[in-house]
Amino acid sequence: MIAALPDPPTVASILTLVQSIERYGPNAPAAAAFRSALRRKGIEADNIGGLAALDALADAVVAADPDRADTRIAIIRAAWADLLPRPGGRARP
């Protein structure tokens, strides 16, 4: 039996997680679970489409509510810190 590949993360799934972190606040215990799920979604997106997929998801989440853009991109960057480029390359191999 061949294992099914996971569905790629959607903008809606990422947005739901980011909104949950916004709702509870970054230091709430529930936020840690949402950040962990957001990180897993980022890893899935990176494995499927690399940095372009991560950028597309982040851009779409930010575009969904420009008034919350700064907060949302900060949440995403924190969760995906080891997936995003840094000077000299990515944080992970």
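A brief structural summary. (Residues numbered from 1 in each chain as written. Predicted model: local features only at pLDDT ≥ 70, side-chain atom pairs only at ≥ 80, totals over all residues. Heavy atoms only, no water.)

As a further point, take the pattern of salt bridges. Taken as a whole and assessed by the stated rule, the structure comprises 4 salt bridges. Glu 22 serves as the salt-bridge partner of Arg 68, at 4.0 Å between the closest nitrogen and oxygen. Taken together, the residues Arg 68 in the loop between helix H2 (29-64) and helix H3 (69-79) and Glu 22 in helix H1 (residues 11-24) connect sequence positions 46 residues apart. A salt bridge links Glu 22 to Arg 72, with the shortest nitrogen-to-oxygen separation between them at 3.1 Å. Of this pair, Glu 22 sits in helix H1 while Arg 72 sits in helix H3; the two residues are 50 residues apart in sequence, bridging distant segments of the chain. Residue Glu 22 shares its accessibility class with Arg 72, and that shared class is buried. Sharing partners across several salt bridges, the network here consists of Glu 22, Asp 65, Arg 68 and Arg 72. (Salt bridge = Lys/Arg side-chain N within 4 Å of Asp/Glu carboxyl O. Helix = DSSP H or I, 4+ residues; strand = E, 2+ residues; numbered from the N terminus. Buried < 20%, exposed > 50% of the residue type's maximum accessible area, 1.4 Å probe, protein only.)

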